[in-house]
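Chains, contacts and geometry: an overview
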There are 2 protein chains.
Amino acid sequence: MYNPFDPYNTKLSYIEKKNEILYSGKAKTLFKTNDPYVLIQHFNDDATAFNGKKKDVISNKGIYNNISSIIFSHLHFKNINTHFLGRLNDREMLVSRVDIYPIEVVVRNIVAGSLSKRLGIEEGKIVNFPIIEYYYKNDELDDPMVISDHIFGLGLIKDFDKSTLELITNLAYHVNYILKEFFEKRNILLVDMKLEFGFEHNRKFTVLADEISPDTCRLWDMTTNEKLDKDRFRRDLGGVEESYKEILNRLL
Amino acid sequence: MYNPFDPYNTKLSYIEKKNEILYSGKAKTLFKTNDPYVLIQHFNDDATAFNGKKKDVISNKGIYNNISSIIFSHLHFKNINTHFLGRLNDREMLVSRVDIYPIEVVVRNIVAGSLSKRLGIEEGKIVNFPIIEYYYKNDELDDPMVISDHIFGLGLIKDFDKSTLELITNLAYHVNYILKEFFEKRNILLVDMKLEFGFEHNRKFTVLADEISPDTCRLWDMTTNEKLDKDRFRRDLGGVEESYKEILNRLL
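**Section: the interface of chain B and chain A**
Counting residues at the interface gives 29 residues for chain B and 29 residues for chain A. Roughly 2,300 Å² is buried in total at the junction of chain B and chain A, and carbon and sulfur atoms are behind 66% of that figure. Of all residues in chain B, B:Leu119, B:Asp149 and B:Leu154 give up the largest surface area on contact with chain A, accounting jointly for 26% of the area buried on that side. Where chain B packs against chain A, one counts 10 residue pairs in polar contact (both at pLDDT 80 or more).

Encoded structure:
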């Protein structure tokens, strides 16, 4: 297995997938390998929304969500540190092992979804500058929005300090800048996206992790404003599979 | 009428209340006077909670809420610029006319109420430093929490800039520092409070405004942690009148 992304390239040819699951999420599974620092991120066909209250299976969704590999690969070429080590096959990518910080960073270029509802502003309004929000990852609490004061005033997260929050915020701006342009070249509007970061065990620093796909971004066709993302599933608009496929085709 | 607080003292003796209402809120009314820069803030006995969904009349509440006069008077002696011009009588204070910014600033010293529920942290936890939150005043939207990015990224508020948000944030910290000590000397814990600020027509600068009372603060007895504030009404704990009276007595 040749891998242009991995700093430990020599080792990678020996990577073998173990039948041992480290983490099983709503739409993906992380498998261990023979290298304790390397995992295999497998995308399945499950679709969930509203904290798991809405569920379905979308055929081939796991394949389309490997769009993540293309995006992480592009970010690698733009010198963003990520957990991505390479695309393995249709449904799998090789990633380094990280401890994910329980903070979702949402970047918004256009008003949509919860922001529109909470503040009574119509979907489609372009913001004056990218808006960054933090959400505390906690299923029981339905991932509430938090501010820096909550995180540090309440000591919400162990081993997480203000400089790390600043770092991931700056990374989020930077990733947004890169991907906005990347999508625009493919006639796609990057409306908003959810990013996750974590501490990498091997290199011992903070990297971008998780996935970046139509499940975690709002993506609209630039000409028609047609939604080509998970909102088609959330709002029962139909054509989920076709939209994800369309995004993949434009990115290939 | 003698008034030690007013910078335009000579004029105040001529102030006459007009039977003309400028603003009628849930628990108070603002009357015009013969001076366009001066208003009379009248506290009534209505109690409301949850954006007006819960309502009652608490006898003499308006008198107890004139606790505001005592607190604003103390803040005046501590050199905080406020709209307060003086206490008129049991239910009324004289204030300068301000345009209230539609942002509520909440300062928290101890976890309680919505913060406890949203983040699953038990009431009574002492925070590492005062937590400051902003809420967008909008009855239809149920006063959603907002961050600076929302206010300026969406242009939520006309004629309101980042330096004004910084100013009122710093004022909120300062007011909290002063009032925490003020209440502690009277064996009362200042758990949290909601502050409002506005632009004063006359002096043309930003001042602390609105009211500061058991309706807008959470106040607990320091020895027993007994609630002596509006939570007695919100949560049907009984003894609302007695608690407000107790606060007034400790402040006199």
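Still more ground to cover, so stick around.
**A short note on the sheet that holds strand 7 (residues 92-96) of chain B**
All names here are of chain B. If you trace the five strands from one edge of the open sheet to the other, you get 1-2-3-7-6, paired in antiparallel fashion. Every other strand in the sheet has two partners, leaving strand 1 (17-24) and strand 6 (84-89) as the edge strands with one partner each. This sheet shows a mean twist of 30° between the axes of neighbouring strands, independent of strand direction. Relative to strand 3 (residues 38-43), strand 2 (residues 28-33) runs antiparallel, the two sharing five bridges. Along strand 3, the bridge assignment pairs Leu-30 with Gln-41. Strands in contact with helix 3 (residues 67-77) are strand 3, strand 6 and strand 7; relative to strand 6, the strand with the most contacts, it is inclined by about 145°.

**Some words on the relation of the copies chain B and chain A**
Rotating chain B by 180° and moving it 0.0 Å along the rotation axis overlays it on chain A with an RMSD of 0.0 Å. In short, the pair behaves as if placed about a two-fold rotation axis. Ranked by how close their C-alpha atoms come to the rotation axis, the residues of chain B are headed by B:Ile147, at 3.8 Å. Counting the interface residues of chain B, we find that 100% of their copies in chain A are interface residues as well, pointing to one common contact surface.

**Examining the packing of aromatic side chains**
Residues and elements named next belong to chain A. Tallied over the full model, the rule gives eight aromatic pairs over all chains. Ring centres of Phe-152 and Phe-160 lie 6.1 Å apart, and the angle between their planes is 5°; this geometry places the pair in the stacked category. Per residue, the accessibility class of Phe-152 equals that of Phe-160, and both read buried. An aromatic cluster is defined as three or more aromatic residues linked by ring pairs; in this entry it consists of Tyr-101, Phe-152 and Phe-160. Positioned above the aromatic ring of Phe-31 is the side chain of Lys-17, whose terminal nitrogen or guanidinium carbon lies 4.2 Å from the ring centre. A cation over an aromatic ring shows up here: Lys-54 above the ring of Phe-233, its NZ or CZ 5.3 Å from the ring centre.

**Comments concerning the pairing of strand 3 of chain B**
Residues and elements named next belong to chain B. Burial runs high along strand 3: five of the six residues are buried. Where strand 2 folds back onto strand 3 in an antiparallel hairpin, the turn is made up of four residues. Direction of pairing for strand 3 relative to strand 7: antiparallel, over a ladder of five bridges. Pairing of Gln-41 across the sheet is with Met-93, part of strand 7.

**So, the packing of helix 3 of chain B against helix 6 (residues 162-184) of chain B**
Residues and elements named next belong to chain B. Where helix 3 contacts helix 6, the two axes come as close as 11 Å, and the packing angle between them is 120°. As judged from the angle between their axes, helix 3 and helix 6 are oblique. As for the relative orientation of helix 3 and helix 6, their crossing is right-handed in sense. Residues Ile-70, Ile-71, His-74 and Leu-75 of helix 3 lie in contact with helix 6, whose contacting residues are Val-175, Ile-178, Leu-179, Phe-182 and Phe-183.

**Some points on the side chain of A:Lys230**
Residues and elements named next belong to chain A. Examined against the element boundaries, Lys-230 turns out to sit in the loop between strand 14 (217-221) and helix 7 (231-234). An unpaired buried charge is present at Lys-230: no salt bridge exists, and Asp-215, the closest side chain of opposite charge, is 5.1 Å distant. Among residues more than four places away in sequence, those in contact with Lys-230 are Thr-48, Ala-49, Pro-214, Asp-215 and Tyr-244.

**What to know about the sheet that holds strand 7 (residues 92-96) of chain A**
Residues and elements named next belong to chain A. Taken in spatial order, the five strands line up as 1-2-3-7-6 in an open sheet, and their pairing is antiparallel. Looking at which strands have only one partner, the edges of the open sheet turn out to be strand 1 (17-24) and strand 6 (84-89). Between one strand axis and the next, the sheet turns through 30° on average, direction left out of account. Across the face of the sheet, helix 3 (residues 67-77) comes into contact with strand 3 (38-43), strand 6 and strand 7 while running at roughly 145° to strand 6.

**Observations concerning helix 8 (residues 240-251) of chain A**
All names here are of chain A. With 12 residues, helix 8 extends 17 Å from end C-alpha to end C-alpha; this agrees with the ideal 16 Å at 1.5 Å per step. Buried within helix 8 we find Val-240, Ser-243, Tyr-244, Ile-247, Leu-248 and Leu-251. Along the long axis of helix 8, the arc covered by the buried residues comes to 140°, so they all point the same way. Residues of helix 8 that are buried in the fold lie against helix 2 (61-64), helix 3, helix 6 (162-184), strand 12 (188-200), strand 14 and helix 7.

**Structural notes on the packing of helix 3 of chain A against helix 8 of chain A**
Residue and element names in this part refer to chain A. The N-to-C vectors of helix 3 and helix 8 enclose an angle of 35°; their axes lie 10 Å apart at closest approach. In the crossing of helix 3 with helix 8, the sense of the turn from one axis to the other is left-handed. Across the interface between the two elements, Ile-67, Ile-70 and Ile-71 from helix 3 touch Tyr-244, Ile-247, Leu-248 and Leu-251 from helix 8. Here the contact of helix 3 with helix 8 is built from residues that sort into seven nonpolar, no polar and no charged.

Each value, and the rule that gives it
- Residues numbered from 1 in each chain as written.
- Chains lettered and ligands numbered in written order.
- Predicted model: local features only at pLDDT ≥ 70, side-chain atom pairs only at ≥ 80, totals over all residues.
- Heavy atoms only, no water.
- Contact = heavy atoms within 4.5 Å.
- Buried area = accessible area lost by both parts, 1.4 Å probe.
- Polar contact = N/O pair within 3.5 Å; in protein donor to acceptor, adjacent residues only side chain to side chain.
- Pairing = 2+ DSSP bridges.
- Helix = DSSP H or I, 4+ residues; strand = E, 2+ residues; numbered from the N terminus.
- Axes fitted to C-alpha atoms, helices over the stretch in contact; angles between N-to-C directions.
- Least-squares fit on C-alpha atoms with pLDDT ≥ 70 in both.
- Phe/Tyr/Trp six-rings, centres within 6.5 Å; stacked < 30°, edge-to-face > 60°.
- Buried < 20%, exposed > 50% of the residue type's maximum accessible area, 1.4 Å probe, protein only.
- Lys NZ or Arg CZ within 6 Å of the ring centre and 35° of its normal.
- Parallel < 35°, antiparallel > 145°, perpendicular 65-115°, else oblique.
- Left-handed = near helix turned anticlockwise from the far one by under 90°.
- Lys, Arg positive; Asp, Glu negative; His and termini not counted.
- Salt bridge = Lys/Arg side-chain N within 4 Å of Asp/Glu carboxyl O.
- Expected span 1.5 Å × (residues − 1).
- Arc of directions from axis to C-beta.
- Nonpolar A, V, L, I, M, F, W, Y, C, P; charged D, E, K, R; others polar.

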